[in-house]
Amino acid sequence: MSFDQGLILAILGIAIVMFVSGRWRHDLVAGATLLACVLAGLVDADAAFSGFGHPAVVTVAGVLIISRALQLSGAVDAMARRLIPAGAGPALTVAGLTVIAAVLSGFMNNVGALALLMPIAIQTAGRLGLPPGRLLMPLAFGSILGGMTTLIGTPTNLIVSGFRAEVGEGAFRMFDFAPVGVGVALAGVAFIVLIGWRLVTARERATVEGFDTGRYFTEVRIGEKSKSAGKTLSDIDKALENNDAQIIGLIRNETRITAPMPYRRLRAGDILVIETDPGALASVLSALDLELEEADSHSDEDAEQAERKSRKAPAEDKADEDEQGQGKTSSRDDERGEIALVELAVLPGSALGGRSATQLDLRNRYGLNMLALSRAGQRSISRLKTTLIRPGDVLLMQGPMPAVAGFAADFGCVPLADRALRIPDPRKAALSVATLVTAVAAAAFGWLPAAVSFAAGALAVVVLDLVPLRKVYDAVDWPVIVLLAALMPVAGAMASTGAAGLLADVLLNTVAQGNAVVAVGLILVVTMTLSDFMNNAATAAVMCPVALGTATQLGVGADPFLMAVAIGGSCAFLTPIGHQNNTLIMGPGGFRFGDYLRLGLPVELLVIATAIPLLLWAWPL
C-alpha cells in the first residue's frame, strides 16, 4: 500500500464514521472530505469544484425543480384520489398508496412524492382505524423502491451513470435501470402489499380526529394561584396517570432536575416537563390548573403582529398555502383572528435542523409558539425552547393560520392532515406533466443529454410560471447538491491513487475467491449495508470506484457491478437514518429506531434474492 493510498483510505474512513454518526450534516462532511483531499495533494486544487458542473449534479437540480412544479399544480393529489376508492379497505389502500408512490418516484423527487401523499395516508388511516405507521412505512418504502427504476429516479442512479461515462463506456440511458429496477420494485411492492404492511409495528390506534405522533414533550408552568402549588410530585403523578401522562423532569430556577424525588413539593413558577399525547393536553392542563410554558405570554399583540405580517404579502401567503395546504387544526376564536394548533413534520433538509425555538425567535418574528415536540423513541429532552430540532420531529405550533402556513413553507415542514384538493389552474397541472414527459422523452430517446434535457425542463417551468421565481432555488435540495459535487473529485482520487483497486483486490481474494457472481453479490450487500447508515449518494460515490476496480481485477464488464451499486444504494430499509423518507415518517408514525427492522429486513433479503439473478440476466458477466 502506497502512502497516497493509505492517506485517501484514512480520510474516507473518517468521513464514513462522521456520516454514520449523524452528528454533522452530510454536505458539511462531504465538503470537509474534499478540502482534506485537496490539502493532502490527492485532488488538484484547480479541479476541486469541478463536481458542481458534473452532469449528475445538474440533472438532480433540474429534476427537483420540475418536481416542485408537479407538487404545486395539484396533479399528484388528483391522481391519488382518483386511484384510491373512497371506501377502500386497508389492503387496497396500502396497495394504491404504495403503487402510486413507486410510480411517481421513478420520475420525480421521492421525498416530494412522499410529502404529497403523507396527508392522504394519515387521513385514510384515521378513517380505517389503523395506526398511521401501517400506511406510512409501506408508502415510504414504495417511494424508495420506485426510485431505482429510471435514471432520474434517485441521485444514486445518476452517480452510477456518471462513473460509467468517465471510464469511456458512455452514460446509462433513461430506462437502462428498468430491467433490474422494475423487477426488484415489483417484488418489493408485492411483498409489502400482500404481507409486509401487517409486519409494521402497531403504535397507538389513530382516530378520525387525530393520530399518534409518538409522544409529545411539553412544558407546563405552575402559576401563582395554581392549585398544584404546594403539592408533591407524587400527588401530581397520580393525577397525571388518569390522563395518560407522566412527569419526566422538573425545572426550577432555570435548573433542570431529571429525576426529581416524589416527595419534593412544587412551588409557583416551577416548570414540569411532561410526556403526553396531543389529545390529553387539554385535560392535563384543566385537571391540575397548569399553564403551557410557551403559551402563557402569547398576547394579542403577538397575534396582531403576525396578522400584520400576513397582510403585507397576501400573494405570498396564498402561494404558501397552495403549496403546503392546511394543517390539522384545533382552532379557537381570537379577537384579532383565528388562532390554531397545527402539527408540522420537519422535512429532511429543513432549515429548522439544528436550531431551537429560542434561536428562531418564533414569538417575535412570526407570532408563533412552539407548544410541544414529538421525537419518537427519545425522552432526553432538556428544555423545550432550547432543544435543537431534527428532521422527522413533529412540532405542535400555535398561532394565526397565515403565519403558520408561511412558517411551514419557509422552513420546509409538512402539515400533518388532509389537505383540500387545490388546482389553482388546471392548465398549469397539464403543463407540469407535459414538461416532465417531454424532458424524460428527450433523454430517453437520446435527443439531448439528461443534464441538458432536465435543465431545459427546469427553465420551462419557470418561464411558464409553473414555479414562482422566488421559489425556484427553494425547490433545490442544496445539501444533496453540495454532497454530490464534493464527493465526485474524492471518488476520482480513489481511482487515481489505486485505492479503489486495492479494496477490490482485498474483497476478491478474501471473500469472493475470484468468483465473479459472488463478487456481484458482495458489492450489492456491502452497498446496501453502508446505505442503511449513511447517505445513499455518498455510498454510491464511495462504492463505484470499488465496483469498477473489482470488474477490472476479474477482467469482466463493469455494468453488473455498477448496477449492483445502484440497487444497493437505493435500498436502505433497516434504519430511519438511511434514507430521507425513512426519517420523514418517524415522527408521524410514532416509530422507534428498531421498528424499521420488522419490515425492512425481509424487504432487503427479498431485494438481494431478486436482484442478483436479474443483474446476471440483464447484464451478463
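Note: the structure precedes this text.
Quick summary incoming for the structure in this document.

Criteria and cut-off values
- Here the residue numbering is sequential within each chain, running from 1 through the sequence in written order.
- A pLDDT threshold of at least 70 governs which residues receive local features in this predicted model, and a stricter bar of 80 or more applies before side-chain atom pairs are shown or counted, although totals over entire chains, interfaces and linings include all residues.
- Note that water and hydrogens are dropped before the side-chain values are worked out from all heavy atoms of the structure.
- Note on conventions: DSSP H or I runs of at least 4 residues are helices, E runs of at least 2 residues are strands, and numbering of each starts at the N terminus.
- For a helix, the expected span equals 1.5 Å multiplied by the residue count minus one.
- Here the bend at a residue means the angle between the axes of two seven-residue stretches, the one that ends at it and the one that starts at it.
- Axes here refer to lines fitted to C-alpha atoms; in helices the fit is confined to the stretch in contact. Angles between the N-to-C directions go from 0 to 180 degrees.
- Here the angle decides the label: under 35 degrees means roughly parallel, over 145 means roughly antiparallel, 65 to 115 means roughly perpendicular, and every other value means oblique.
- Take the far helix as your reference; a near helix turned counterclockwise from it by less than a right angle gives a left-handed crossing, and one turned clockwise gives a right-handed crossing.
- Residue contacts follow a heavy-atom distance rule, with two residues in contact if any of their heavy atoms lie within 4.5 Å.
- Here the term charged refers only to Asp, Glu, Lys and Arg, the term nonpolar to Ala, Val, Leu, Ile, Met, Phe, Trp, Tyr, Cys and Pro, and the term polar to all other amino acids, Gly among them.
- Exposure is judged per residue with a 1.4 Å probe applied to protein chains only, and the accessible area is read against the type maximum: over 50% gives exposed, under 20% gives buried, and values in between give partly exposed.
- Two strands qualify as a pair provided DSSP detects at least 2 bridges between them.
- To qualify as a nonpolar core, a set must consist of buried Ala, Val, Leu, Ile, Met, Phe, Trp, Tyr and Cys residues joined through side-chain atoms within 4.5 Å.
- For Phe, Tyr and Trp, rings pair up if their centres lie within 6.5 Å, where Trp contributes its six-membered ring, and each pair is then called stacked (planes under 30 degrees apart), edge-to-face (over 60) or tilted (otherwise).

## Quick notes on helix α23 (residues 536-554)
Along its 19 residues, α23 runs 26 Å from first to last C-alpha, staying within 8% of the 27 Å computed at 1.5 Å per residue. M543 marks the point of greatest bend in α23, at about 30°, and the proline P545 comes within the next four residues. Positive phi appears at G555, one or two residues downstream of α23, with a value of about 70°.

## Concerning the packing of helix α20 (residues 478-497) against α23
Between α20 and α23, the least distance of the axes is 9 Å, while the angle of their chain directions is 20°. Viewed along their axes, α20 and α23 adopt a mutual orientation that is roughly parallel. At the point where α20 passes α23, the crossing takes the right-handed sense. Contact residues: α20 offers L483, L484, L487, A491 and M494, while α23 offers A537, A538, A541, V542, P545 and V546. Taken together, the residues that form the contact of α20 with α23 break down as 11 nonpolar, no polar and no charged.

## A word on the pairing of strand β9 (residues 394-400)
Across the 7 residues that make up β9, a large majority, 7, are buried. Where strand β8 (residues 369-374) lies against β9, 5 bridges are found, and the strand directions are antiparallel. Residue N369 lies in a different strand from β9, and its bridge partner there is Q398.

## Describing the nonpolar core
Within the largest apolar cluster, 139 residues are counted, with the highest numbers of intra-cluster contacts made by I8, L139, F141 and F454. It is α20 that contributes the most residues to this core, 12 residues altogether. Dropping the residues within four chain positions of it, F454 is found in contact with T59, G62, V63, I66, I152, M174, A439, V440 and A443. With 21 residues, the next largest nonpolar core counts L360, L362, L373 and A403 among its residues.

## Focus on the packing of aromatic side chains
Overall, the coordinates contain 8 aromatic pairs when judged by the stated rule. Between Y473 and W478, the ring centres sit 6.4 Å apart and the planes meet at 20°, which makes this aromatic pair stacked. On the basis of relative accessibility, which here comes to 42%, the residue W478 falls in the partly exposed class.

## Considerations on the environment of F52
Tracing the chain through its elements places F52 in the loop between α2 (26-39) and α3 (55-73). Residues F52 and M488, 436 residues apart in the sequence, show an inter-C-alpha distance of 8.9 Å. Not counting residues within four places of it along the chain, the set of residues in contact with F52 comprises V57, V58, V482 and A485.

## Quick notes on the packing of α2 against α20
Helix-helix packing: each pair is described by the crossing angle between the helix axes and the interaxial distance. Two numbers describe how α2 lies on α20: the axes approach to 8 Å, and their chain directions differ by 25°. Here α20 runs roughly parallel to α2, going by the angle between their axes. Like other packed secondary-structure pairs, α2 and α20 cross with a definite hand, here left-handed. Contact with α2, carried on its side by H26, D27, A30, G31, T33, L34 and C37, involves P479, V482, L483, A486, L487, P489 and V490 of α20 and no other residues of that element. Grouping the amino acids of the contact of α2 with α20 by side-chain chemistry returns 10 nonpolar, 3 polar and 1 charged.

## Comments concerning the environment of A441
Note that A441 resides in helix α17 (residues 426-444). Given the relative accessible area of 19%, A441 is considered buried. The spacing of A441 and M174 is 267 residues in sequence and 8.7 Å in space, taken between C-alpha atoms.

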